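# An overview of the molecular structure
Residues per chain, in single letters:
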Amino acid sequence: MVGVAESRQTNELAAESPGGPRKLDDESSKTLIVEDFSNPRNQWRTLNDPVMGGQSYSRIKIDEGVAHFLGRCEIVPKLGAPGFVTMATGNRFGQVSSFPDLSTCEAFEFVLKTNVDYEGYRFSFGKAHPKGGRFAYGFKSPLPMSDLPPVGEFGLVRIPFHRFSDKWNDATGEIEVECADDARFCPTKKWLRTPEQLSFWGEGVEGAVDLKIQSISAVGCDPNASGEAIAPSKIVSNFHSVMSNPFFLAMMLVLCLLICSIGLSCYCCYRCGKRSRDFQTEDFEVTKLTTENVSCEESQVRYRDTPAIVGVEFT
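Reading the values: rules and limits
Residues numbered from 1 in each chain as written. Predicted model: local features only at pLDDT ≥ 70, side-chain atom pairs only at ≥ 80, totals over all residues. Heavy atoms only, no water. Helix = DSSP H or I, 4+ residues; strand = E, 2+ residues; numbered from the N terminus. Buried < 20%, exposed > 50% of the residue type's maximum accessible area, 1.4 Å probe, protein only. Contact = heavy atoms within 4.5 Å. Areas by Shrake-Rupley, 256 points an atom, 1.4 Å probe, with all protein chains shown as cover. Pairing = 2+ DSSP bridges. Axes fitted to C-alpha atoms, helices over the stretch in contact; angles between N-to-C directions. Disulfide = S-S within 2.5 Å. Salt bridge = Lys/Arg side-chain N within 4 Å of Asp/Glu carboxyl O. Phe/Tyr/Trp six-rings, centres within 6.5 Å; stacked < 30°, edge-to-face > 60°. Core = buried A, V, L, I, M, F, W, Y, C linked by side-chain atoms within 4.5 Å. Lys, Arg positive; Asp, Glu negative; His and termini not counted. Polar contact = N/O pair within 3.5 Å; in protein donor to acceptor, adjacent residues only side chain to side chain.

## Points about the overall build of the chain
- The secondary structure content of the chain amounts to four helices and 13 strands.
- Expressed as a percentage of the 315 residues in the chain, the buried residues total 40%.
- For the chain, the proportion of contacts with a sequence separation of at least 24, taken over those separated by at least 6, is 77%.
- Accessible surface, the chain: about 17700 Å² in total, of which carbon and sulfur atoms supply 56%.

## A word on the sheet that holds strand S10 (residues 139-142)
- As summarised here, the arrangement of the five strands in space is S2-S7-S12-S9-S10, forming an open sheet in which the pairing is antiparallel. The sheet is open, and its two edges are formed by strand S2 (45-48) and S10, each paired on a single side. Neighbour-to-neighbour, the strand axes of the sheet open up by a mean angle of 20°, direction not taken into account.
- Inspection of the sheet shows strand S7 (residues 84-89) paired to strand S12 (residues 198-203) by six bridges, in the antiparallel sense. Looking at S12, one finds that Thr-89 is bridged to Leu-198.

## Section: the state of the cysteines
- Enumeration over the complete set of coordinates arrives at two disulfides.
- In the chain, numbering the disulfide-bonded cysteines from first to last in sequence yields the connectivity 1-4, 2-3.
- Residue Cys-266 stays outside any disulfide, its sulfur separated by 6.5 Å from that of Cys-269, the closest cysteine.

## As for the pattern of salt bridges
- Taken as a whole and assessed by the stated rule, the structure comprises seven salt bridges.
- We note a salt bridge from Arg-158 to Glu-109, for which the minimum N-O separation is 2.6 Å. Of this pair, Arg-158 sits in strand S11 (residues 155-160) while Glu-109 sits in strand S8 (residues 107-114), and the two are 49 residues apart along the sequence.
- Glu-203 is paired through a salt bridge with Lys-140; the nearest N and O atoms lie 2.6 Å apart. With Glu-203 in strand S12 and Lys-140 in strand S10, the pair connects residues that are 63 residues apart, well separated along the chain. Each member of the pair, Glu-203 as well as Lys-140, is classed as buried.
- One network of salt bridges, in which partners are shared, links Arg-122, Lys-140, Glu-174 and Glu-203.

## Comments concerning the pairing of S12
- A large share of S12 lies buried, amounting to six of its six residues.
- What you see with S12 is no split at all: Leu-198, Phe-200 and Gly-202 on one side and Ser-199, Trp-201 and Glu-203 on the other are buried throughout.
- Bridging between strand S9 (residues 121-125) and S12 involves five bridges; their strand directions are antiparallel. Residue pairing in the sheet places Arg-122 in a bridge with Trp-201 of S12.

## Let's talk about the packing of aromatic side chains
- This structure, assessed with the given rule, holds 17 aromatic pairs.
- Measuring from ring centre to ring centre gives 6.5 Å for Trp-44 and Phe-200, while their planes differ by 35°; the resulting arrangement is tilted. With a gap of 156 residues between them, Trp-44 in the loop between strand S1 (30-36) and S2 and Phe-200 in strand S12 connect regions that are remote in the sequence.
- Judged by its relative accessible area of 7%, Trp-44 is buried.
- Seen in terms of ring centroids, Phe-108 and Phe-123 are 5.2 Å apart; in terms of plane orientation they differ by 70°. Their pairing is edge-to-face.

## Some details on the pairing of S7
- Across the six residues of S7, six count as buried, placing the element largely inside the fold.
- Of the two faces of S7, the one carrying Phe-84, Thr-86 and Ala-88 and the one carrying Val-85, Met-87 and Thr-89 are both buried.

## Here's the deal with the nonpolar core
- Formed by 39 residues in total, the largest nonpolar core has its most connected members in Phe-108, Phe-110, Leu-143, Leu-198, Phe-200 and Ile-216.
- Not counting the four nearest positions on each side in its chain, Phe-108 is found in contact with Leu-102, Phe-123, Phe-125, Val-157, Arg-158, Ile-159, Phe-161, Phe-164, Leu-198, Ile-216 and Ser-217.
- With five residues, the next largest nonpolar core counts Phe-84, Ala-136, Trp-168 and Ile-175 among its residues.

## Overview of the side chain of Glu-35
- Here Glu-35 lies in strand S1.
- Arg-41 provides the closest opposite charge to the buried, salt-bridge-free Glu-35, at an N-O distance of 4.8 Å.
- One polar contact links the side chain of Glu-35 to the main-chain amide nitrogen of Arg-41, over a distance of 2.9 Å.
- Within the local environment of Glu-35, its side chain forms a polar contact with the side chain of Trp-44, the two groups lying 2.9 Å apart.

Functional significance is not addressed by these values, which are geometric in nature.
In structure tokens form, the structure reads like this:
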């Protein structure tokens with residue numbers, strides 16, 4: 001584990017929260033481990049901009065207690081603007097990640113470093129989808145270089161929950177309406193209780209992404225808060241994934257239409273086959289009856305045409 005004792009930079013945003021520093025610095029408050037990359041509990045993957053011929057790329061490697069998020073955010077040709085790369089867990093359909101209940105905490109705290117000067121770093125959690133939003137989902141906050149440790153050095157970065165908003169631009173990643181300006185876009189207890197997904201981003205700024213993370217924690221928590229990681233119901237998590245992301249929703253609609261089409265086709269084939277078999281059965285019965293009637297009539301004719309033999313004895 002890389003040491004952080006020599007470089008411990010704390011995000012000064014915490015000082016802006018009324019009453020926040022008192023609780024965050026309170027010795028009675030508790031720190032919960034959300035993810036420790038020396039023994040990660042969740043599966044982390046990368047996802048790059050998939051639309052309009054996006055050319056951004058990234059990869060992740062977890063080794064020696066550090067998650068290394070490396071890649072590059074490129075210009076999307078058809079949009080003429082930078083795309084995005086993400087390192088995330090719990091963001092894919094069918095994937096369920098487990099986290100402790102953060103609803104009594106005050107802020108996220110990271111032990112990380114960046115090896116490049118890049119102004120497009122961001123962090124998000126949850127799957128909230130604001131009314132009128134398109135592809136944007138989750139509560140997001142920027143990680144500007146001014147709040148990060150010096151390039152090449154590990155340090156502590158703290159982001160209070162009130163700095164997150166789910167009203168952000170899905171093309172640039174920039175916050176459009178701050179939580180402080182409209183409480184409707186602030187993180188809710190629901191998503192702090194079960195975050196479901198976490199993501200580090202390189203977004204909206206062209207350039208190299210090179211971030212190393214040792215751990216993710218929640219600080220300023222109630223002393224009685226449990227650090228036990230709990231996974232949400234897979235059905236509920238997948239439902240949130242579908243409803244929060246128009247791409248997943250479109251996929252599910254297409255899948256439902258496909259299943260309905262296949263089901264309708266199978267039903268039509270079954271009905272047509274049954275009707276054909278019924279016709280064949282009716283034809284067979286008619287043919288059989290006709291044949292029996294003809295045979296009966298022929299027998300009667302042969303009987304009438306046979307001369308009677310009277311008084312003949314057989315010995």
